[in-house]
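Below, each chain spelled out in residue letters.
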Amino acid sequence: MKAKINSAFKWLITVLLVTPTLGAFAQGLTVNSLVCDYQTNPLGIDDLKPRLSWKLNSDLRNVTQANYELRVSTDAAMNKIIYSSGKVKSPESVFVTYQGPDLISRTRYYWQVRVWDNKGNASAWSTANYWEMGFLHPSDWTAKWIQTNSIADTTDGASPIFRTAFNLAKPVKSARLYVTAHGIYEAYINGHRVGADYFTPGWTSYKTRLQYQIYDVANLLVAGNNATGAIIGDGWYRGHLDKYHNVYGKDLGLLYQLEVTYTDGTKTTINSGSNWKTADGAIRSSSFYNGEVYDTRLEKAGWNSNNYNDSKWQAVAALDLDKSNLIAPESPAVKKHEIFHPVKLIITPQKDTVIDFGQNLVGWVVLKMKGKAGQVIKLNHAEVLDKDNNFYTLNLRHAKCENQYTIMDDKERVYEPHFTYQGFRYVRISGYQGKIDTANIYAVALYSDMKPTGSLVTSNPLLNQLQHNIQWGQKGNFVDVPTDCPQRDERLGWTGDAQAFSRTAAYNMNVNGFFDKWMKDLTTDQREDGAIPWVVPNMMPKTSAGVAGWSDVSTIVPWNMYLIYGDKHLLAQQYETMKRWVGYIQKTSINDLWNTGFQFGDWCFYSPSPTDDSGKAAVTDKTLIAEAFYANSTQILIDAAKALGKNDDVDTYTELLKKIKKAFLKEYVTPAGRTVSSTQTAYLLTLQFDLLPEGERDQLAARLVQNIKDYGNHLTTGFLGTPFLCHVLTRFGYDDMAYTLLLQDTYPSWLYPVKKGATTIWERWDGIKADGQMQSPSMNSFNHYSYGAIGDWMYRVMAGINTDDKETGYKKIIIAPHPGGNLNMVNANLETIYGHVNSEWQLNNGIMNMTVTVPVNSTAQVILPKAAQTEVTEGNEPVKDVEAISDVKKDGADLKLNLGSGTYHFQYSYPKQTASL
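Before going into details, it helps to say that this report is about the structure given with it.

Rules used throughout
- Residues numbered from 1 in each chain as written.
- Predicted model: local features only at pLDDT ≥ 70, side-chain atom pairs only at ≥ 80, totals over all residues.
- Heavy atoms only, no water.
- Helix = DSSP H or I, 4+ residues; strand = E, 2+ residues; numbered from the N terminus.
- Rg over C-alpha atoms; globule rule 2.2 N^0.38 Å.
- Buried < 20%, exposed > 50% of the residue type's maximum accessible area, 1.4 Å probe, protein only.
- Areas by Shrake-Rupley, 256 points an atom, 1.4 Å probe, with all protein chains shown as cover.
- Lys, Arg positive; Asp, Glu negative; His and termini not counted.
- Charge placed at Lys NZ, Arg CZ, Asp CG, Glu CD.
- Contact = heavy atoms within 4.5 Å.
- Core = buried A, V, L, I, M, F, W, Y, C linked by side-chain atoms within 4.5 Å.
- Salt bridge = Lys/Arg side-chain N within 4 Å of Asp/Glu carboxyl O.
- Pairing = 2+ DSSP bridges.
- Axes fitted to C-alpha atoms, helices over the stretch in contact; angles between N-to-C directions.
- Disulfide = S-S within 2.5 Å.
- Parallel < 35°, antiparallel > 145°, perpendicular 65-115°, else oblique.
- Left-handed = near helix turned anticlockwise from the far one by under 90°.
- Nonpolar A, V, L, I, M, F, W, Y, C, P; charged D, E, K, R; others polar.

1. Some words on the overall build of the protein chain
Part 1 of the reasoning: When its secondary structure is counted, the protein chain shows 15 helices and 49 strands.
Part 2 of the reasoning: Taking 2.2 N^0.38 as the reference for a compact globule, 917 residues should give roughly 29 Å; the C-alpha atoms of the protein chain span a radius of gyration of 30 Å, in line with that estimate.
Part 3 of the reasoning: Overall size of the protein chain, expressed as C-alpha extent along the three principal axes, is 105 × 85 × 60 Å.
Part 4 of the reasoning: The 917 residues of the protein chain split such that 60% are buried.
Part 5 of the reasoning: A total of about 35000 Å² of accessible surface is found on the protein chain, and carbon and sulfur atoms cover 49% of it.
Part 6 of the reasoning: Between the mean site of the 90 positive side-chain charges and the mean site of the 92 negative ones, the protein chain shows a separation of 3 Å.

Spelled out as structure tokens, the structure:
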């Protein structure tokens, strides 16, 4: 009897102990989406204190994390625990810093999390994810850099091939390839391409920061004889960059370290060194600007297989170069993405054979065909056809954008380039003597492998196309660095474009890691006196630095990333760079006025003609712009100092800001409150950056609206004014005018290019004029994302998904849509670091239906537009009676309330919309 009682007692204790977990299963509390330093299961990092993030799911509303436990092991079964946080009382679920023992090169660490919520439920342990360390010390590298000894190894020369053969005496358990190049490379093992990345090692400030890649290649190796090697292209290292080349060096090179572990635990390493050999192959030249020349007759068939005879190949030069600049990958690599099949085959009036892919994309064309020996097939690329429907390439300037293939025999082959990319919608095929079968041709998009996060759909098809164009402008220009354009002889990391678009970019895709890497290069390239270059990585003279709106990227992007992702680490990392930039302006200013040096001004502003003398050109005083951005960067520095707890800096820069604003008012604002430049951009920057006393702002906002009306309800802004246009109008109560500009479809406007058939954002408001003529070919990109910054207003205001300035990263979400523009539906979705956010509103027959989704471990303040004077229900209940809704109160004409996590459906009567101006 006693044994039975003891048994029952043990059973009861067991039930009591596991009840929280059982309850969690019942309520569906789970942990998922584990991320380490912006990556899922990264293979090779060199962060000694990785930051770990996770998301929570629950079937209940109003759920937050109360506690978490994090543990790390060196085995997948989680039996070899090296660190356990214990149960930590904390709501933090993003960027939680690893606090365990020192991490070791080459080691894989598995980690998992379990959580407890605010309702007493506990989750099970998450699935174990991992991170693997790269090399933490230069001495981990035992390989040598290798180069050719050929005098023909020059820019635009043939791509060298490097190879070696080796024997693996035993079965392979695991293998890691650590590889990088001077140039861009493709590595091969036993005839197979290694990895799915392109243009590796990517573009960084190579002299101090050169990425290497890590690949798991065990499945490519065999016991016995093996062969490996790589092909190197010019890339960014020594290829053409604007008017420069050989920027980082003249000689292409390879660094290759293959570490193999056998099943018996013993190890061997295959290093690049003097035993390797080199030769030229079929790639006769490769260039981002000019394309690739490939001669099939010069292929070294089987060169990367183990039975190839390389006796006629040349010896390499093996060098002991410094390896302290080598870093593990920090940004998503470029990969292949969407495939486009031909929409139509065109014979132009000039008798060119042209393929239309229907989308202006960035990547290349793949074709399968056969021909005669010696036949040369050329593929030229263009974004548009001209007024007469002929192939148009003048806007490419000196970029040839031509891929050329010389055929070896009559066998059918697949042709695609290796070390180039083009920006194009149309491809002209010449030299082919047979009938072109479009079924054997397709285009593939290449861009950095950023996870899509945002979507936006409205009831207006033109706005939907605009959103499409914005996203494709980003895809085409986020090719390892944020370029200005992807087609002509430029393709550089222009800082002004990136800062203007950075917040929109962070809605469309997860760009945290992308910008983190780029910001580190910005810091590397910052001039000794604090000036920030025009382009990053900087390949121009050091004098090309220190301009308003471009160099301010150093403050704007880190702050935007902090708002979007709550990434205080990135903010702290960039803080001294931010201070040095503001310090540079301070040193070059006179009496607190930044009125010295070269400035770009409001690039690409509206002008009726290049020689306009009517006074209608929207020319804004460049020094006014500079002073405005000086104030903005100083304000951001103050905000960053507050976030980082640097109170002394808060006081110092607050006093500086007062002086800057006082100087601005004295120099650029009349006693009547008018700015010296009566342009939209002057008004916008003055209002956006709070440069007027509060009591004088409304009159300037009215001047802004009148200016827009004076131009027939058109914008006149350039790169620096455009991002703030609709935001300022909304802030000062002019939603109708904001919608009027958004929906304007005649030049200049966002929808004018859409009506002209654009599939990306244009550099110029009138890249193609109303009569079909082209803008000046010297600067007329049809894929230039800057004006796509309107996407930020569409997400944050039209759809209403916004961040909170204090609980950043969508820890607290502001949902405050502004219906208008005769739209009856807007639906925006955003995958934040906490989870899925949705804001959808539908307006039909005077009834507003609004759906809001808040992720677990976040909260939201929702502002229901024009709901203060009507009954609002959520799921057929009055909102005041819904348990997960709190602090319901009127806010003027709106109704403000707070939500916990979950999905909510609101309904209420909505006043009739007024027509746009």
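2. Describing the environment of Leu 742
Part 1 of the reasoning: Among the secondary structure elements, Leu 742 is positioned in helix H13 (residues 735-743).
Part 2 of the reasoning: Residue Leu 742 is classed as buried on the basis of its relative accessible area, which comes to 0%.
Part 3 of the reasoning: Spatially, the C-alpha atom of Leu 742 lies 9.5 Å from that of His 714, the residues being 28 residues apart in sequence.
Part 4 of the reasoning: Setting aside anything within four residues of it in sequence, one finds Leu 742 in contact with Leu 463, Leu 466, Trp 750, Leu 751, Ile 790, Trp 793, Met 794 and Met 798.

3. Quick look at the nonpolar core
Part 1 of the reasoning: Judged by nonpolar contacts, the single largest core of 218 residues is most densely connected at Leu 466, Val 511 and Phe 906.
Part 2 of the reasoning: Considering every element that reaches this core, the biggest residue donor is helix H8 (residues 622-644), with 14 residues.
Part 3 of the reasoning: Residues contacting Phe 906, with those up to four places away along its chain left out, are Met 848, Asn 849, Met 850, Val 852, Leu 864, Val 872, Thr 873, Glu 874, Val 879, Ile 885, Leu 897 and Leu 899.
Part 4 of the reasoning: Within the second largest apolar cluster, 27 residues are counted, among which are Ala 175, Leu 177, Val 179 and Leu 258.

4. A look at the pattern of salt bridges
Part 1 of the reasoning: For the coordinates displayed, the defined rule picks out 47 salt bridges.
Part 2 of the reasoning: Across the salt bridge formed by Arg 51 and Asp 567, the nearest N and O atoms sit 2.9 Å from each other. Of this pair, Arg 51 sits in strand E3 (residues 51-57) while Asp 567 is found in the loop between helix H6 (553-565) and helix H7 (568-588), placing the two residues 516 residues apart along the sequence.
Part 3 of the reasoning: Judged by relative accessible area, Arg 51 falls into the buried class, the value being 6%.
Part 4 of the reasoning: With a relative accessible area of 0%, Asp 567 lands in the buried category.
Part 5 of the reasoning: With a shortest N-O distance of 3.3 Å, Lys 520 and Asp 516 are connected by a salt bridge. Highlighted residues: Lys 520 and Asp 516, both in helix H5 (residues 512-525), separated by 4 residues, approximately one helical turn.
Part 6 of the reasoning: Note on Asp 516: relative accessible area 3%, which makes it buried.

5. So, helix H15 (residues 790-799)
Part 1 of the reasoning: Of all the 10 residues making up H15, 9 are buried; the element is thus mostly covered by neighbouring parts of the structure.
Part 2 of the reasoning: Those residues of H15 that sit buried are Ile 790, Gly 791, Asp 792, Trp 793, Met 794, Tyr 795, Val 797, Met 798 and Ala 799.
Part 3 of the reasoning: In the segment just after H15, Gly 800 is the residue with positive phi, at about 95°.

6. Observations regarding the sheet that holds strand E7 (residues 96-97)
Part 1 of the reasoning: Read from one edge of the open sheet, 3 strands run E1-E3-E7, paired in antiparallel fashion. Either end of the sheet is taken by a strand with one partner, and the two such strands are strand E1 (30-36) and E7.

7. Some thoughts on the sheet that holds strand E46 (residues 877-878)
Sheet strands pair via backbone hydrogen bonds, and the direction of the pair is either parallel or antiparallel.
Part 1 of the reasoning: With antiparallel pairing, the 7 strands of this open sheet are ordered in space as E36-E41-E42-E43-E49-E45-E46. Of all strands in the sheet, those with a lone pairing partner are strand E36 (454-458) and E46, marking the two edges.
Part 2 of the reasoning: Two strands pair when backbone bridges link them, and E36 and strand E41 (residues 825-831) are joined in this way by 5 bridges, in the antiparallel orientation. Along E41, the bridge assignment pairs Ser 455 with Asn 829.
Part 3 of the reasoning: Here H15 sits on the sheet in contact with E36, E41 and strand E42 (836-844), set at roughly 65° to E36.

8. Observations concerning the state of the cysteines
Part 1 of the reasoning: Under the defined criterion, the tally for this structure stands at 0 disulfides.
Part 2 of the reasoning: In this model Cys 401 remains outside any disulfide bridge; the closest cysteine sulfur is found in Cys 485, 9.9 Å from its own.

9. Concerning the packing of H8 against helix H10 (residues 680-688)
Part 1 of the reasoning: Where H8 contacts H10, the two axes come as close as 10 Å, and the packing angle between them is 20°. It follows that H8 is roughly parallel to H10 by the angle criterion. Where H8 crosses over H10, the handedness of that crossing is left-handed. The residues of H10 that touch H8, namely those facing Leu 624, Ile 625, Ala 628 and Phe 629, are Thr 681, Ala 682 and Leu 685.
Part 2 of the reasoning: Residue classes in the contact of H8 with H10 are distributed as 6 nonpolar, 1 polar and no charged.

10. A short note on the environment of Ser 311
Part 1 of the reasoning: By secondary structure assignment, the location of Ser 311 is in the loop between strand E22 (291-295) and strand E23 (314-315).
Part 2 of the reasoning: Ser 311 sits 34 residues away from Lys 277 along the chain, and the two C-alpha atoms are 8.9 Å apart.

11. Brief notes about the pairing of strand E13 (residues 184-189)
Part 1 of the reasoning: Counting buried positions along E13 gives 6 out of 6 residues, so the element sits mostly inside the fold.
Part 2 of the reasoning: Of the two faces of E13, the one lined by Ile 184, Glu 186 and Tyr 188 and the one lined by Tyr 185, Ala 187 and Ile 189 are each fully buried.
Part 3 of the reasoning: Taken together, the 6 bridges between E13 and strand E17 (residues 224-233) define a ladder with antiparallel strand orientation. Within the sheet, the bridge partner assigned to Tyr 188 lies in E17 and is Gly 229.
Part 4 of the reasoning: Pairing geometry for E13 and strand E14 (residues 192-193), over 2 bridges, is antiparallel.

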